[in-house]
Amino acid sequence: MKTIALRIDVDTCRGPGRGVPRLCGILKKHGVRGTFYFSVGPDNMGRHLWRLLKPSFLWKMLRTDAAGLYGPEIILMGTAWPGPKIGKKYADVIRSTMEAGHEIGFHAWDHHKAQAKLMKMSAAEMANELEKGLAFLAGVTGGIVRTSAAPGWRANAQLLEVKMRFPFEYNSDCRGVSPFYPVVDGKRLGQLQIPVTLPTYDEALGRDGVTNENYNDRQIGLLSEERPNVLTVHAEAEGGKCAPMFDEYLTRVIAAGYEVIPLGELAARVKDEAPEGEMELAEFPGREGVLAVQKR
C-alpha cells in the first residue's frame, strides 16, 4: 500500500495569507490533492510566548527557527488584544482551496486555546469552540464540514465524546500507526480516527542529526509500503520557507510510486475494516508536553 494521506494544517494568519496559495500551486503542479484543516477564529498564537519559560519548548523554537517559519508577528499576535479572525480575513482563500478540489476540514476556532487549554476545558466549552468554527466554515463553503483535527494533537476522551455530537465522519486527533475506531469507557465511538504516522518538520529538524539538507531523505526513509502513511505539513512552513523542500519531496515520492491523497479518500477506503483501538496521553519525540497517541 504505497499511499501517503496528506494533511495540511493552517494555524495562523500567515497560513492562508501566504502559505495556502503557494501550497495549492505546488499540489496542482504534481496533480495531487490534500486535506486542509483551517483555524478560523482569532489568531492568538503570540500567547504561546509564556511557554518559552519551558526549556523543551524554547529549544524547539530555537532549533526550528520558529520566527523564520511563522514570521516575527507570531511573537506578539493576540497578546495585548485578540488577534484578527483568520477565517473572516481569508474567507476567499478557504473558498478557492475548496474550489481547487481539496478537502476542507476544521482545525480550531482559537488555535492557541485549543492547544494550550484543551485539557482544562469543560465539555460545554469544547462544544462551543466547535460550534463557532463549524458555523463559520459552513457559511464559507456552503456545506457541512465532515472532518476535524485537534491542534497540536491535544485531545482527550472528553473531546472525542463531544465530537460525536457533530457530523464528523472521521477525525485526525492523535499520533499513531493506522486508522481505528476509538473506544472510550468500553464504548466504541463511530467516528474513525486517522492518526498522523510521520514526524512533522518542527519535530524532526535539529534532532538525531536531521538538517534541512537531509530532511527529505529521512522522511522518505520512514515511509511504509505495508500500511498507509499520514503526513502533516503546515501552511506556514511547507507553504513558506520550506516550500522548495516540499516540492522536491512530492517529486521524489510520486516518482517512487506513492499515491498522494486527501485523508477523506483514505477514510473511505478503510472505514469498513478499521479495528477498534484506544488513545492515551503521552510525551512524544520533538514535542513539549503530552499529546494524544494511539495505544498499542
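All of the points below concern the structure found in this document. Everything numeric in this text was worked out from a predicted model, so none of it was measured.

## Considering the overall build of the protein
Right, so step 1: Helix and strand counts for the protein come out as 12 helices and 13 strands.
Right, so step 2: Burial analysis of the protein (296 residues in total) assigns 57% to the buried set.
Right, so step 3: When contacts within the protein are restricted to residue pairs at least 6 apart in sequence, long-range pairs at least 24 apart make up 76% of them.
Right, so step 4: Counting only carbon and sulfur atoms, one obtains 54% of the accessible surface of the protein, whose full area is about 12700 Å².

## Brief notes about the pattern of salt bridges
Right, so step 1: Applying the stated rule across the entire model yields 16 salt bridges.
Right, so step 2: Residues Arg33 and Glu265 are paired through a salt bridge, measuring 3.2 Å at the closest nitrogen-oxygen approach. Taken as a pair, Arg33 in the loop between helix H1 (14-30) and strand E2 (35-39) and Glu265 in helix H12 (residues 263-270) lie far apart in primary sequence, 232 residues in all.
Right, so step 3: The exposure class assigned to Glu265 is partly exposed, which follows from its relative accessible area of 28%.
Right, so step 4: Here Glu248 ties to Arg252 by a salt bridge, and the two come within 3.3 Å at their closest N and O atoms. Here Glu248 pairs with Arg252, and both are found in helix H11 (residues 243-255), just four residues apart, close to one helical turn.
Right, so step 5: Owing to a relative accessible area of 39%, Glu248 belongs among the partly exposed residues under this scheme.
Right, so step 6: Members of the salt-bridge network, linked through shared partners, are Arg33, Glu259, Glu265 and Arg269.

## As for the sheet that holds strand E7 (residues 187-188)
Right, so step 1: In spatial order, the strands read E7-E6-E11; together these three strands make up an open sheet with mixed pairing. The open sheet is flanked by E7 and strand E11 (276-277), the only strands paired with a single partner.
Right, so step 2: Two strands pair when backbone bridges link them, and strand E6 (residues 181-184) and E7 are joined in this way by two bridges, in the antiparallel orientation. Following the sheet pairing, Val183 is matched in E7 by Arg188.

## Focus on empty space enclosed by the protein
Right, so step 1: Taken as a whole, this structure holds six cavities of 30 Å³ or more when the rule is applied.
Right, so step 2: Counted as a void, the second largest cavity has a volume near 170 Å³.
Right, so step 3: As for the second largest cavity, its lining consists of 17 residues, of which His107, Ala114, Leu130, Pro151 and Leu159 are closest to the centre.
Right, so step 4: Residue assignment for the lining of the second largest cavity shows that the elements contributing at least two residues are strand E3 (103-108), helix H7 (123-141) and helix H8 (157-163).
Right, so step 5: Partitioning the lining of the second largest cavity into residue classes produces 12 nonpolar, two polar and three charged.

## Observations concerning the nonpolar core
Across soluble globular proteins, nonpolar side chains show a tendency to be buried alongside one another.
Right, so step 1: Ranked by size, the top nonpolar core spans 56 residues in total, and within it Phe36, Phe246 and Tyr249 carry the most contacts.
Right, so step 2: No other element matches H7, which puts six residues into this core.
Right, so step 3: If we ignore the near neighbours within four places in the chain, the residues touching Phe36 are Ile8, Val10, Val20, Leu23, Cys24, Leu27, Thr97, His102, Glu103, Ile104 and Gly105.
Right, so step 4: Counting 17 residues, the second-largest nonpolar core is a separate cluster that includes Trp153, Ile194, Leu263 and Ala274.

## Comments concerning the packing of H1 against H11
Right, so step 1: It is the contact of H1 with H11, at a shortest axis distance of 10 Å, that shows an interaxial angle of 20°. As judged from the angle between their axes, H1 and H11 are roughly parallel. Viewed along their axes, H1 and H11 form a crossing whose handedness is right-handed. For the pair H1 and H11, the contacting residues are Arg22, Leu23, Ile26, Leu27, Lys29 and His30 in the first and Ala243, Pro244, Phe246, Asp247, Leu250, Thr251 and Ile254 in the second.
Right, so step 2: Its residues assigned to classes, the contact of H1 with H11 comprises eight nonpolar, two polar and three charged.

## Focus: unusual backbone geometry
Right, so step 1: The backbone phi angle of Trp153 is positive, close to 55°, even though this residue is not glycine.
Right, so step 2: Secondary-structure assignment places Trp153 in the loop between strand E4 (147-148) and H8.
Right, so step 3: One non-glycine residue, Asp208, adopts positive backbone phi at about 55°.
Right, so step 4: Residue classification places Asp208 among the exposed residues on the basis of a relative accessible area of 63%.

## Notes on the pairing of strand E13 (residues 290-294)
Right, so step 1: Counting buried residues along E13, four of its five residues qualify, which places the element largely inside the surrounding structure.
Right, so step 2: Two elements, strand E12 (residues 279-283) and E13, share five bridges in a ladder whose sense is antiparallel. Within E13, the residue paired with Glu283 across the bridge is Val290.
Right, so step 3: Hairpin connection of E12 to E13: six residues between the antiparallel strands, including Gly286 at a positive phi of 85°.

About the thresholds
Residues numbered from 1 in each chain as written. Predicted model: local features only at pLDDT ≥ 70, side-chain atom pairs only at ≥ 80, totals over all residues. Heavy atoms only, no water. Helix = DSSP H or I, 4+ residues; strand = E, 2+ residues; numbered from the N terminus. Buried < 20%, exposed > 50% of the residue type's maximum accessible area, 1.4 Å probe, protein only. Contact = heavy atoms within 4.5 Å. Areas by Shrake-Rupley, 256 points an atom, 1.4 Å probe, with all protein chains shown as cover. Salt bridge = Lys/Arg side-chain N within 4 Å of Asp/Glu carboxyl O. Pairing = 2+ DSSP bridges. 1 Å grid on protein atoms, 1.4 Å probe; cavity = no way out; pocket = protein on both sides within 12 Å on 5 of 7 lines; lining within 4 Å. Points joined across faces, edges and corners; volume = space filled by probe spheres on them. Nonpolar A, V, L, I, M, F, W, Y, C, P; charged D, E, K, R; others polar. Core = buried A, V, L, I, M, F, W, Y, C linked by side-chain atoms within 4.5 Å. Axes fitted to C-alpha atoms, helices over the stretch in contact; angles between N-to-C directions. Parallel < 35°, antiparallel > 145°, perpendicular 65-115°, else oblique. Left-handed = near helix turned anticlockwise from the far one by under 90°.

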